[in-house]
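Residue-level structural notes
Listed below, chain by chain, are the residues.
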Amino acid sequence: MQMHQESHSSSSPAPDPTPESAALPEAGTPSASDIRRWRQYLADERAEAAVYRELAQRRDGEERQILLALAEAEGRHEAHWLKLLGEHAGMPKAASARSQFLGFLARNFGSVFVLALAQRAEGRSPYGTEPAATPAMVADEQIHEEVVRGLATRGRNRLSGTFRAAVFGANDGLVSNLSLVMGMAATGVSSSVVLMSGVAGLLAGALSMGAGEYVSVRSQRELLNATLPTQATLMAAPSLDIDHNELVLVYLARGMTREAAEHRAAERMGLFSCDCDPSLSLQPEKPATDEHESVGSAWGAAMSSFCFFASGAIVPILPFIFGMTGVAALLVAGVLVGIALLATGAVVGLLSGTSPLSRGLRQLAIGLGAAAATYGLGLLFGAAIV
């Protein structure tokens, strides 16, 4: 196979100012494997640029501009492969399955899932080992991973409170109620008792999860509220003794330097008619950002936790609800729960930018492992009772 190396001729009068041409292979006919590989790169660059443009249509402001800039960078990479291929570019080739999947998500779903997958894809770019890719292209892909990570983080922050309660509520419902059903069935009780136990587990668990999430999120928000500064300084300032200015202590306690604290206190006491040194002033009194964004609302978390726990907990008892009994019902319940665990694990993997398959398999192993352990304990207890 003819290998294409980068041109390092020392006789060149000056380097090409275009980064994408810095590593062009020597002139000659590319091999069949080169053509196949470059055409795949070309198709993937086109697909990725389309994904970023699709996402940009759903955004405005700064995020829109960032996404359009990413699409423009992918367009430069596309031009590089077109130049290398020349007459061998041929008809447009289908993008990889990964790129097509990203395009499907971008067209039909929210950007959080797309960006999380794109983050992972950018981090696994093949250009690092591709002789025909320029150093600028390799660097672009590395930077793109961090850009997409930042955009994905914004979306994760918007979802983190309620979504966390929803996903883990569903997972808890699946695992806990399957374990309960398996444990009860192993003791030898009738299928009707197993069903009633599963229903009781569903209601008790969903109410407990909802109440627990409400208390947890409510408490966290109250703690955050307790840390926010009040407007007491504005009301008390006119009556303070300037010779014993305790207002300075307030700002020192908030973390200001003494110089900044004294400046701010003088502002509040009316000694400055204007903000003479804005660098020393921490305007406004209250933070401009919403510190509760990542916490979510207490009622939202509670309702999500209740509903998703219940939706997970009902899966193991579906076979019993539809009249199945015995080992067959347990097997069907295990299969249904296994599919649901794979799905919830995959969603967590998508949003965390890691492999959906590995996260799904991890959830599956943990859930079925807990159910198997409970089944074994049920057999022991059942034998002991008998």
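This text follows the structure it describes.
In this report, the structure presented in the accompanying data block is examined. (Residues numbered from 1 in each chain as written. Predicted model: local features only at pLDDT ≥ 70, side-chain atom pairs only at ≥ 80, totals over all residues. Heavy atoms only, no water.)

**Some thoughts on the packing of aromatic side chains**
Using the criterion set out here, one finds five aromatic pairs in the structure. Seen in terms of ring centroids, Tyr41 and Trp81 are 4.9 Å apart; in terms of plane orientation they differ by 45°. Their pairing is tilted. Of this pair, Tyr41 sits in helix α1 (residues 32–57) while Trp81 sits in helix α2 (residues 61–85), and the two are 40 residues apart along the sequence. Both residues of the pair, Tyr41 and Trp81, count as buried. (Phe/Tyr/Trp six-rings, centres within 6.5 Å; stacked < 30°, edge-to-face > 60°. Helix = DSSP H or I, 4+ residues; strand = E, 2+ residues; numbered from the N terminus. Buried < 20%, exposed > 50% of the residue type's maximum accessible area, 1.4 Å probe, protein only.)

**Brief notes about the pattern of salt bridges**
Note on pairing: side chains with opposite charge can pair once their charged atoms come close. All told, the structure shown has seven salt bridges when counted by the stated rule. Here Glu130 makes a salt bridge to Arg37, at a shortest N to O gap of 2.5 Å. Of the two residues, Glu130 sits in the loop between α4 (111–122) and α5 (135–186) while Arg37 sits in helix α1, which places them 93 residues apart along the sequence. What makes Glu130 buried here is its relative accessible area of 5%. Here Arg37 falls in the partly exposed class, since its relative accessible area comes to 28%. Residues joined in a network through salt bridges with shared partners are Asp34, Arg37 and Glu130. (Salt bridge = Lys/Arg side-chain N within 4 Å of Asp/Glu carboxyl O.)

Purely spatial values, then, with no claim about function.
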